[in-house]
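Residues per chain are reported as follows:
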Amino acid sequence: SSGINAEWPLLPGPSPLLPPGRDKISVTGGNGGAGGSITFRSPRQYESLNHVMDELRGGRGGMGRSKGQTGPHGQDVEVLVPLGTIIGSTDTQLPLVTLMEEGEEYTAAAGGVGGLGNRSLRYRGGIGERGDGYRCDDFQEGEMGEEKRLYLEMKTIADVGLVGLPNAGKSSLVRALSKAKPKVASYPFTTLRPHIGVVHFEGFHRVRIADIPGLIEGSSLGYGLGISFLRHIDRCKSLLYVVDVANLDYEPIRTIQILEGELDAYRRGMSEDIVAIIANKIDLVRSKDVILDIAKAFPQYPVIPVSVKNGINTSAIRSVIEQFKTFHGSKT
């Protein structure tokens, strides 16, 4: 800084540090504004984390102004998340807080403290009470705000989770049953995070349905998209297998065996949460024998043949998931 410090003598007359013709300089610079903070809040009407951006940044505080005016406060960022959202540290992989109450808030990263203008500093550094006759362009930099790497998870992400290999048609099914619009394409791993759709029924009842990223053989060991998505599956109240019956690389019975093995490898008995098998893409197979073979191999599950793309028999899926509906009071 180029300002006066306490060791410099007070000189009589015009200051050699001022521009020619200037004998005084006003010492009225205000402090800088604080930076914006990042806060999470949990209203009741939010259903998923799909809207949360990967990077959140609070606004920068404004510069101090003349006449001692403090600069404007940086824009705070409030992120609305569902009830039951777990906020944890990516560095430690430990949870920090779970927002369980409606309207509960958590400040995840506080904004920086604003800097000091020369008015706040005029009593320091031997400048004198008024600062007359001496240059005082000193200021003190503000402090940086907090920077954190966090993860967000939902304690219970959905009433029904869709489990299947990549490209089985899970995203298309969520689109068909709800207003959610997950990305749909004919290549593996289209879904990189769970998408939540809400299926509405009469009487203000609804079912939250989750499109879980596709599993592959070895997911429980970290292959493919890894066990992080098995953790999402574990937060669904019930599960549906979604099987591509036209897949030439994995015949349906083998597919279900792989899915069952991955679930139980992650948590023993997890496959018992399965309530039905959705046999998708029946429009691409010529024989009904494939459906009969699945039903014979897995008699404990109802098998629902559908073509999500063509809208064939999707109403049967609504009938199955209706048993998991909950009253919400309004269709928000």
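Along each chain, residue indices are assigned from 1 in the same order as the chain's sequence is written. For a predicted model such as this one, the threshold for reporting local features is a pLDDT of at least 70, and the threshold for listing and counting side-chain atom pairs is 80 or more; totals across whole chains, interfaces and linings nevertheless cover every residue. Hydrogens and water molecules were not included; the side-chain quantities draw on all heavy atoms of the structure.

S.K.: Got a minute to help me understand the packing of aromatic side chains in this structure?
M.R.: Between two aromatic rings, the relevant description is the distance of the centres plus the angle of the planes. Think of it this way: a Phe, Tyr or Trp ring, Trp meaning its six-membered ring, pairs with another when their centres are within 6.5 Å, and the plane angle makes it stacked under 30 degrees, edge-to-face over 60, tilted otherwise. Enumeration according to the criterion identifies one aromatic pair in this entry. Seen from their ring centres, Tyr241 and Tyr301 are 6.1 Å apart, and the 90° between their planes marks the pair as edge-to-face. You can see Tyr241 sitting in strand E10 (residues 236–244) and its partner Tyr301 sitting in the loop between helix H5 (289–297) and strand E12 (303–305), a full 60 residues away along the chain. Any Lys NZ or Arg CZ found within 6 Å of a ring centre and within 35 degrees of that ring's normal is scored as a charge over the ring. In this structure, Arg318 packs its charged tip against the face of Phe201, placed 4.7 Å from the ring centre. The secondary structure listing takes helices from DSSP runs of H or I that are at least 4 residues long and strands from runs of E that are at least 2 residues long, numbered from the N terminus.

S.K.: Any chance you could explain the pairing of strand E7 (residues 158–163) here in plain terms?
M.R.: Moving residue by residue along a regular strand, the side chains alternate between the two faces of the sheet. Summary of the burial criterion: residues with accessible area below 20% of their type's maximum are buried, those above 50% are exposed, and those between are partly exposed, where the area comes from a 1.4 Å probe applied to protein chains only. Here E7 lies mainly inside the structure; six of its six residues are buried. Two strands pair if DSSP finds at least two bridges between them. Relative to E10, E7 runs parallel, the two being bridged by five bridges. Directly across from Ala158, in E10, lies its bridge partner Cys236. Pairing analysis gives three bridges linking E7 to strand E9 (residues 205–211), with the strands arranged parallel. Looking across to E9, one finds that Val160 is bridged to Ile209.

S.K.: Even after reading the chapter, I still don't get the pattern of salt bridges, so can you show me in this structure?
M.R.: Pairing is possible between side chains that carry opposite charge, provided their charged atoms lie close to one another. Only one rule defines a salt bridge in this text: a Lys or Arg side-chain nitrogen within 4 Å of an Asp or Glu carboxyl oxygen. Taken as a whole and judged by the stated rule, the model has seven salt bridges. The salt bridge partner of Glu78 is Arg41, with a shortest N-O separation of 2.9 Å. In this pair, Glu78 sits in strand E2 (residues 77–80) while Arg41 sits in strand E1 (residues 38–42), placing the two residues 37 residues apart along the sequence. Of the residues examined, Glu78 reaches a relative accessible area of 44% and is grouped as partly exposed.

S.K.: Hey, could you run me through the packing of helix H4 (residues 252–266) against H5 in this one?
M.R.: Axis angle and axis distance: for two packed helices, these are the angle between their axes and the distance between the axes, and together they describe the pair. Lines are fitted to the C-alpha atoms to define the axes, a helix being fitted only along its stretch in contact, and any angle between axes, read from their N-to-C directions, falls within 0 to 180 degrees. In the contact formed by H4 and H5, the axes pass within 9 Å of each other and the chain directions differ by 40°. Of H5, the residues touching H4 (which contributes Pro252, Ile253 and Ile256) are Val290, Asp293, Ile294 and Ala297. Residue classes in the contact of H4 with H5 are distributed as six nonpolar, no polar and one charged. Whether two residues are in contact is decided by their heavy atoms, any of which lying within 4.5 Å being enough. When residues are grouped by polarity, Ala, Val, Leu, Ile, Met, Phe, Trp, Tyr, Cys and Pro land in nonpolar, Asp, Glu, Lys and Arg in charged, and all others, Gly among them, in polar.

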